[in-house]
Amino acid sequence: MSAKLELLSQNLQKHLGDRTTKMWCALGEVSIDVEASGYLETMVLLRDEPELRFEQLIDLCGIDYSTYGCDGWQGKRFAVVSHLTSITHNWRLRVRCFASSDEFPSVPSVVSIWNSANWFEREAFDLFGIVFPGHPDLRRLLTDYGFIGHPFRKDFPVSGYVEMRYDPEQRRVVYQPVTIEPREITPRIVREENYGDVENG
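In this report, we go over the structure that sits alongside the text. (Residues numbered from 1 in each chain as written. Predicted model: local features only at pLDDT ≥ 70, side-chain atom pairs only at ≥ 80, totals over all residues. Heavy atoms only, no water.)

## Topic: a nonpolar patch on the surface
Keep this limit in mind: Like charges are joined within 9 Å and nonpolar side chains (Val, Leu, Ile, Met, Phe, Trp, Tyr) within 5 Å, but only among residues with over 30% relative accessible area and no salt bridge; these make up the patches. In short, Shrake-Rupley with a 1.4 Å probe defines the accessible areas, and a residue's cover is counted only from the protein chains shown. We count a salt bridge whenever a side-chain nitrogen from Lys or Arg sits within 4 Å of a carboxyl oxygen from Asp or Glu. By the criteria applied, helices consist of DSSP H or I runs no shorter than four residues and strands consist of E runs no shorter than two, each listed in order from the N terminus. Whether a residue is buried, partly exposed or exposed follows from its accessible area with a 1.4 Å probe, protein chains only, as a fraction of its type maximum: under 20%, in between, or over 50%, in that order.
Residues Ile-148, Tyr-161, Val-162, Met-164, Tyr-166, Val-173 and Tyr-175 make up a contiguous nonpolar surface patch of about 690 Å² in total accessible area. Going through the elements one at a time, strand E6 (162-167) and strand E7 (172-177) are the ones with two or more residues in the nonpolar patch. Element by element, the count of residues in the nonpolar patch is highest for E6, at 3 residues. With respect to the helices and strands, Val-162 occurs in strand E6. Looking at Val-162, the relative accessible area reads 31%, which means it is partly exposed.

Put into structure tokens, the structure is as follows:
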């Protein structure tokens, strides 16, 4: 770990203490996990503490961990990940916060701390169904007004639930159940046993 990342880790430990449930360094960047109950206070501290000074939120996204890993994920399903930048100290931080409930995922909004989070949170709400209490205008951003479901959830069908078309008799766009048959589009490759073994030529 570089001296800069070591200093950042020490400052985080010093000022956040038990507010973080996990801290690790990967790919040249420090990451922390924060509980949803203390998320807002921690984010304010990350922005305002002189030894941290993360003035910018450069990205915020939702994650669905339901099919994560080979052995099956045992933790909470939905998380919000924020990427923060300190211009003052020239370092970055990744903050992950898991939603307390899988049925109704909710993480407090950080728009009041960094207004750049506005559309990022709307996107996570639209695509993952994560609700952000305190957001000034939480509504869909990328899907249609009448869209059903959240398309980035791992259990959302590839072809969706409804389709729309123009009906010339009604002279308007109508919604109807999807008529496309679900199908696997990955080509299936069957190789003979021992394919590629050097001994078998």
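On we go.
## Some remarks on the nonpolar core
Cut-off, in case you're wondering: Take the buried residues of types Ala, Val, Leu, Ile, Met, Phe, Trp, Tyr and Cys, join any two whose side-chain atoms come within 4.5 Å, and each joined set is a nonpolar core. Here a residue-residue contact requires only that any non-hydrogen atoms of the pair lie within 4.5 Å.
The biggest cluster of nonpolar side chains holds 34 residues, and the ones touching the most others in it are Tyr-39 and Leu-46. Broken down by secondary-structure element, the contributors of at least two residues to this core are helix H1 (3-16), strand E2 (29-34), helix H2 (39-48), strand E3 (56-64), strand E4 (78-86), strand E5 (91-98) and helix H3 (117-128). For Tyr-39, the residues in contact, after removing those within four places along its chain, are Val-34, Leu-60, Val-80, Ser-82, Val-95, Cys-97, Val-107, Pro-108 and Val-110.

## Some thoughts on the sheet that holds E2
Just so we agree on the cut-off: Note on pairing: two strands pair once DSSP finds at least 2 bridges between them. Axes here refer to lines fitted to C-alpha atoms; in helices the fit is confined to the stretch in contact. Angles between the N-to-C directions go from 0 to 180 degrees.
Strand order in the open sheet formed by 5 strands is E1-E2-E5-E4-E3, with mixed pairing between adjacent strands. A strand with exactly one partner marks an edge of an open sheet, and here the two such strands are strand E1 (20-26) and E3. Ignoring which end each strand starts from, the neighbouring axes of this sheet average 20° apart. Seen against the sheet, H1 touches E1, E2 and E5 and runs at an angle of roughly 20° to E2. Sitting on the sheet, H3 touches E3 and E4, and the angle it makes with E3 is about 5°.

## Structural notes on the packing of H1 against H2
Describing two packed helices takes the angle between their axes plus the distance from one axis to the other. Applied cut-off: Any angle that falls under 35 degrees is termed roughly parallel, while one over 145 is termed roughly antiparallel, one within 65 to 115 roughly perpendicular, and all others oblique. For a crossing to be left-handed, the near helix must be turned anticlockwise from the far one by less than a right angle; the clockwise case is right-handed. Note that Gly is not counted as nonpolar here; it falls among the polar residues with everything else outside the nonpolar set of Ala, Val, Leu, Ile, Met, Phe, Trp, Tyr, Cys and Pro and the charged set of Asp, Glu, Lys and Arg.
Where H1 contacts H2, the two axes come as close as 11 Å, and the packing angle between them is 130°. In terms of their interaxial angle, H1 and H2 are classed as oblique. Our pair here, H1 against H2, has a crossing hand that is right-handed. Counted together, Leu-12, His-15 and Leu-16 of H1 and Thr-42, Leu-45 and Leu-46 of H2 form the full contact between these two elements. Classifying every residue of the contact of H1 with H2 gives 4 nonpolar, 2 polar and no charged.

## Remarks on H2
Our working definition: By arc we mean the arc of the directions from the helix axis to the C-beta atoms, nothing more.
Taken as a whole, H2 has its buried residues at Tyr-39, Thr-42, Met-43 and Leu-46. Looking straight down H2, one finds its buried side chains confined to an arc of 100°; they lie on one side. On its buried face, H2 is in contact with H1, E2, E3, E4 and E5.

## A word on the state of the cysteines
Spelled out, the test is: Our working definition of a disulfide is a cysteine sulfur pair at a distance within 2.5 Å.
Per the stated rule, a full pass over the model turns up 0 disulfides. The thiol sulfur of Cys-61 is not disulfide-bonded, and the nearest other cysteine sulfur, from Cys-97, lies at 13 Å. Judged by relative accessible area, which is 27%, Cys-61 ranks as partly exposed. With relative accessibility at 0%, the residue Cys-97 sits in the buried group.

## Details of the pairing of E5
Counting buried residues in E5 gives 6 out of 8 residues, a clear majority hidden from the surface. Summarising the sheet, E2 and E5 pair through 5 bridges and their orientation is parallel. Looking at E5, one finds that Val-30 is bridged to Leu-93. Of the strand pairs in this sheet, E4 and E5 are connected by 8 bridges, and their pairing is antiparallel. Each bridged residue has a counterpart across the sheet, and for Ser-86 the counterpart in E5 is Trp-91. Hairpin connection between E4 and E5: a loop of 4 residues separates the two successive antiparallel strands, and Asn-90 in this loop has a positive phi of roughly 55°.

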